Amino acid sequence: MRVLRGIRVTSPVRTFIDLAAFLPPNALVAVADRIVSRRTPLATEAAVRQAIDRSDGMRGIKNARIAAEQMDAGSESPKETELRLILCSAGFGPFETNHAVYDAQSRFVARVDLALRSIRIAVEYEGDHHRDREQWRRDIARRRRLEAEGWHYLPVTQADLSDPRQLLRDLSAAIAARG
């Protein structure tokens, strides 16, 4: 426990352990992903696992173990985590999270949310901020560059997360088309 701006707070790892008793498993994975995030880590994966081992017998610890097995430091948003978990639970993957794509001259093309690199399929969560006019234009140019490099681009929205049946069929068809 430490004091932050005059308020006693627990560490991110302890907070994760405490939340394990209350959050559904997929939400807990999103918390774990944020804690171990490559971009701005709050703790290491080892620290999360050690805390779980020290907390044996606590309420929710089974959920914490499941979440730790599914955490991914490459995830950059709760929606990316949700998307990855939906696809993996349907038997797809494993995915490379936030994979950097380069062209034949080693120039950066794009970073994709979820990649099946060996068959060049990019699965991208498109949140509402993609509706902004300038973002929309950048997205189109980015998609065009990815497709020029031979990638299949599969955009995903909240509607797909709410009812993923068509998304799963589309991903299956894209995989089949790529052998």
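How each quantity is defined
Residues numbered from 1 in each chain as written. Predicted model: local features only at pLDDT ≥ 70, side-chain atom pairs only at ≥ 80, totals over all residues. Heavy atoms only, no water. Axes fitted to C-alpha atoms, helices over the stretch in contact; angles between N-to-C directions. Helix = DSSP H or I, 4+ residues; strand = E, 2+ residues; numbered from the N terminus. Parallel < 35°, antiparallel > 145°, perpendicular 65-115°, else oblique. Left-handed = near helix turned anticlockwise from the far one by under 90°. Contact = heavy atoms within 4.5 Å. Pairing = 2+ DSSP bridges. Buried < 20%, exposed > 50% of the residue type's maximum accessible area, 1.4 Å probe, protein only. Core = buried A, V, L, I, M, F, W, Y, C linked by side-chain atoms within 4.5 Å. Expected span 1.5 Å × (residues − 1). Arc of directions from axis to C-beta. Polar contact = N/O pair within 3.5 Å; in protein donor to acceptor, adjacent residues only side chain to side chain. Phe/Tyr/Trp six-rings, centres within 6.5 Å; stacked < 30°, edge-to-face > 60°.

Caption draft 1: A look at the packing of helix H2 (residues 25–35) against helix H4 (residues 61–70). Between H2 and H4, whose axes approach to 8 Å, the crossing angle comes to 55 degrees. Relative to H4, the element H2 is oriented oblique. Seen along the crossing, H2 lies across H4 with a hand that is right-handed. For the pair formed by H2 and H4, the contact residues are Pro25, Leu28, Val29 and Asp33 on the first element and Asn63, Ala64, Ala67 and Gln70 on the second.

Caption draft 2: Just the sheet that holds strand E6 (residues 152–156), in detail. Pairing in this open sheet of four strands is mixed, and the strands run E3-E4-E5-E6 from one edge to the other. Looking at the sheet topology across the chains shown, the edges are occupied by strand E3 (96–102) and E6. Between one strand axis and the next, the sheet turns by 45 degrees as a mean value, whatever way the strands run. One ladder, built from three bridges, connects strand E4 (residues 108–116) with strand E5 (residues 121–125); its direction is antiparallel. Residue pairing across strands places leucine 114 opposite valine 123, the latter belonging to E5. Along the sheet, helix H6 (residues 133–148) contacts E3, E4, E5 and E6; its crossing angle with E4, the most-contacted strand, is approximately 80 degrees. Where helix H8 (residues 165–177) meets the sheet, its contacts fall on E4, E5 and E6, and the angle it forms with E6 comes to roughly 175 degrees.

Caption draft 3: Geometry of the environment of glutamine 158. Residue position: glutamine 158 is located in helix H7 (residues 158–162). Look at glutamine 158 and you get partly exposed, because its relative accessible area is 31%. When the C-alpha atoms of glutamine 158 and glutamine 70 are compared, they prove to be 21 Å apart, with 88 residues separating the residues in sequence.

Caption draft 4: Looking closely at the nonpolar core. Phe16, Ile35, Val48 and Ile52 are the most contacted members of the largest nonpolar core, which has 20 residues in total. For this core, the secondary structure elements donating two or more residues are helix H1 (12–19), H2, helix H3 (45–54) and H4. Counting residues in hydrophobic clusters, the runner-up holds 16 residues, among them Leu83, Leu116, Tyr125 and Ala174.

Caption draft 5: Layout of H8. Between its terminal C-alpha atoms H8 stretches 18 Å, which fits the 18 Å expected from 13 residues at 1.5 Å a residue. Burial in H8 covers these residues: Leu167, Leu171 and Ala174. One side of H8 carries all its buried residues, which in axial view fall inside an arc of 60 degrees. Projecting away from the buried face of H8 at angles above 90 degrees are the exposed residues Arg165, Ala176 and Ala177. Packed against the buried residues of H8 are helix H5 (78–89), E4, E5, E6 and H7. Directly beyond the C-terminal end of H8, a positive phi value near 80 degrees is found at glycine 179.

Caption draft 6: A look at the pairing of E4. In terms of burial, E4 is a largely internal element, seven of the nine residues being buried. When E3 meets E4, the two strands line up antiparallel, connected through six bridges. Considered in E4, the bridge of tyrosine 102 is made with phenylalanine 108.

Caption draft 7: Seen up close, the side chain of glutamine 135. Here glutamine 135 is to be found in helix H6. Of the residues examined, glutamine 135 reaches a relative accessible area of 16% and is grouped as buried. A distance of 2.7 Å separates a polar atom in the side chain of glutamine 135 from a polar atom in the side chain of aspartate 139.

Caption draft 8: Region of the structure containing the packing of aromatic side chains. Applying the stated criterion to the full structure yields one aromatic pair. Ring centres of tyrosine 102 and phenylalanine 108 lie 5.8 Å apart, and the angle between their planes is 75 degrees; this geometry places the pair in the edge-to-face category. The exposure class of tyrosine 102 is partly exposed, given its relative accessible area of 46%.

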